[in-house]
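Residue-level structure breakdown
This is what each chain is made of:
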Amino acid sequence: MRYEIQGDTLPVVICYLDGGEKMITEKGAMSWMSPNMHMATSTNGGIGKAFGRMFSGESMFQNIYTAQGGPGMIAFASCFPGSILPYQISPQEALADNVYERIQETDSSQETATPYSYFIDELTSQIITDLQEQKSYTKVQAQNALYSGGLRIYTTQDPAIQSILDEEYQNEENFPAHIQLGIDWALTVQKADGTIQNYSKEMMKLYFKDHGEDNFDLLFDSEEEAQHYVDEYKAAVVGEGETILAERISFAPQPQSSMVIIDQHTGYVKALVGGRGEKTASLTLNRATDTYRQPGSTFKPLAVYGPAINDLGLTLADTYVDQAITYENTNRPVKNAYSGYRGTMTIRDALKYSCNTIAVQCFRDVTPRLGYTYLKDLGFEKVTDHEIINGQVFDDAREPTALGGITNGVSTLELTAAYAAIANGGTYTKPVFYTKILDQNGDVVLENKPKTTEVFRESTAYLLTSALESVVNDEGGTGNGLKLDNMPVAGKTGTTSATRDVWFAGFTPYYTCAVWAGYDTNEFLEDDCKSFHKNLWKKVMGRIHADLPYVDFEIPSTVKQATICTSSGLLAGSGCPTRTEYFETSTLTTVRCT
């Protein structure tokens, strides 16, 4: 593709695409491109009109929309196969178009803008950050460059996969039947003495709790109910002679969910969804990247069993005893999700059944400090070994971390990338949203090469993968029922205390996907809300893999099989209950059960 700017006063760029067809945009437009997607934006204040066939077959522009930002109006256009261009015009019409008149009309009408997608929200944030860190731009300079600099941005998003996520998250049949509404509300008031006072939803919650409504949780059965409480609170805090300067209110269905899909071989983020329900604004809460929650048992392969195999030389056949224990230096018992204790268990079975007592015992052998180091290498940025909150020191290099009990939680994006490291033979790749950014002249502004870290040996990654297959495939596994019809799956469930958050992080030989569900207000999930995230994962991944060729997880040359006694974990002797187990060659046991 080449770009040609025409006209002395009318800011128009004519883009010659493959096959000689043309796309007309206003000068200074920003283009977002991927192998399957092209997005063009006009950022000089007007709404760009464009036409032309795009790179991927019959793909054409669809959904040209605007969002306020930067010095002018941003206009995005996304394309999907078979879509129809809303504004189909000739080059002559585009060149004759009075752009500046339309700018004034748009500004005066103040039409409601269609917001960015969750993917573009995060992409925008990352680009502004990268321009500041790598090019020493100020934030304002970075925003001006992004919104007005005529940049061409090559994204990693796969529109077909993104479309599947969007469709499933827009299908209310995939969510619990009873919907509650969460509220995002804020108020700014000028007091009679001229001072400015801000009020938040958290302050409103405290107000009603202090006034006898102990169960007030910012969850409502209707917008009318929510508005009633807002109005009552406003009447209490806005006095005579005081002026409301600004108020923001929006609603989101609850419980919520987020999902991310990464190609583990490249680290490319293919799609993400930051919430269910209508997205009403740009750069708002993105639950896939901005919400941090306790990860529960999804941490066991990452912080406990991965390091145990990688550093201590343990095998999936090694055994621990599921028994009553307490956390070190406390009398607090370590509880299993299931009732009672099950005695001697191999590491494979402990992971399959998600045994908490064995995870903590193994974590002691690993040491919490080493487990913490692995988590940092796997990209969990908010995991901390020293953070002071309200005068109290918090440290994640401690035993509860084995079960996902950490200070700040993790994001869906972080968890997806960590599991992608297992799927990628043990190599972690920092998630990639774009590959490069070019300026108007085609010169490289930013080149986003994947940043990788070898965390686990290839043999360790395969042993974890094999054990995580048992979570999904074997009877009694906590992820049983998440098998795909035509593709192997490995993964791990996660549930936090009192079931405030539920997770599933899993992968196939093609893609890694993690899903979270819970209330924005961190309330307990009722019984009918505890498994819908699994249904979402299976539906999305099933559709993505429907037409892909079957591929199995590749066994590295450093891994061998042996028949073991399922009770002792030793090589099977005469009369032993047996199964086949995988070992790294250097740890293959030579001791036979007697």
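Residues numbered from 1 in each chain as written. Predicted model: local features only at pLDDT ≥ 70, side-chain atom pairs only at ≥ 80, totals over all residues. Heavy atoms only, no water.

1. Some thoughts on the sheet that holds strand β24 (residues 501–507)
Across the sheet, five strands lie side by side as β14-β13-β25-β24-β23; this open sheet has antiparallel pairing. Two strands close off the open sheet at either side, each with one partner strand: β14 (268–273) and β23 (490–495). In this sheet, adjacent strand axes meet at a mean angle of 10° when their direction is disregarded. One ladder, built from five bridges, connects strand β13 (residues 256–263) with β14; its direction is antiparallel. Note that in β14 the partner of D263 across the bridge is Y268. In the packing of helix α13 (residues 458–473) onto the sheet, contacts are made with β23 and β24, and the angle to β23 comes to roughly 65°. (Pairing = 2+ DSSP bridges. Helix = DSSP H or I, 4+ residues; strand = E, 2+ residues; numbered from the N terminus. Axes fitted to C-alpha atoms, helices over the stretch in contact; angles between N-to-C directions. Contact = heavy atoms within 4.5 Å.)

2. Section: the packing of aromatic side chains
Following the criterion strictly, the structure yields 18 aromatic pairs and no others. Between F175 and F532, the aromatic rings sit 5.6 Å apart at their centres with planes inclined by 55°, giving tilted as the arrangement. Taken together, the residues F175 in the loop between α5 (159–170) and β9 (180–190) and F532 in helix α14 (residues 532–545) connect sequence positions 357 residues apart. The buried category is assigned to F175, whose relative accessible area is 6%. With a relative accessible area of 7%, F532 lands in the buried category. (Phe/Tyr/Trp six-rings, centres within 6.5 Å; stacked < 30°, edge-to-face > 60°. Buried < 20%, exposed > 50% of the residue type's maximum accessible area, 1.4 Å probe, protein only.)

3. With respect to α14
In this model, α14 (14 residues) spans 20 Å end to end at C-alpha, consistent with the 20 Å of a helix rising 1.5 Å per residue. Those residues of α14 lying buried are F532, H533, L536, W537, V540, M541, I544 and H545. Residues of α14 that are buried make contact with α5, β13, β24 and β25 (512–518). (Expected span 1.5 Å × (residues − 1).)

4. Some words on the environment of S282
You can see S282 is positioned in the loop between β14 and α8 (300–311). In this structure the C-alpha to C-alpha distance between S282 and P115, which are 167 residues apart in sequence, comes to 4.6 Å.

5. Focus on the packing of α8 against α13
Two elements in contact, α8 and α13, have axes whose closest approach is 9 Å; the angle formed by their N-to-C orientations is 130°. Between α8 and α13, the crossing angle belongs to the class labelled oblique. In this structure, the crossing between α8 and α13 has a hand that is right-handed. Where α8 abuts α13, its residues P301, Y305, G306, I309 and N310 lie against T460, L463, L464 and L468. Residue composition of the contact of α8 with α13, by class: six nonpolar, three polar and no charged. (Parallel < 35°, antiparallel > 145°, perpendicular 65-115°, else oblique. Left-handed = near helix turned anticlockwise from the far one by under 90°. Nonpolar A, V, L, I, M, F, W, Y, C, P; charged D, E, K, R; others polar.)

From the geometry alone we can't say anything about function, so treat these as descriptive.
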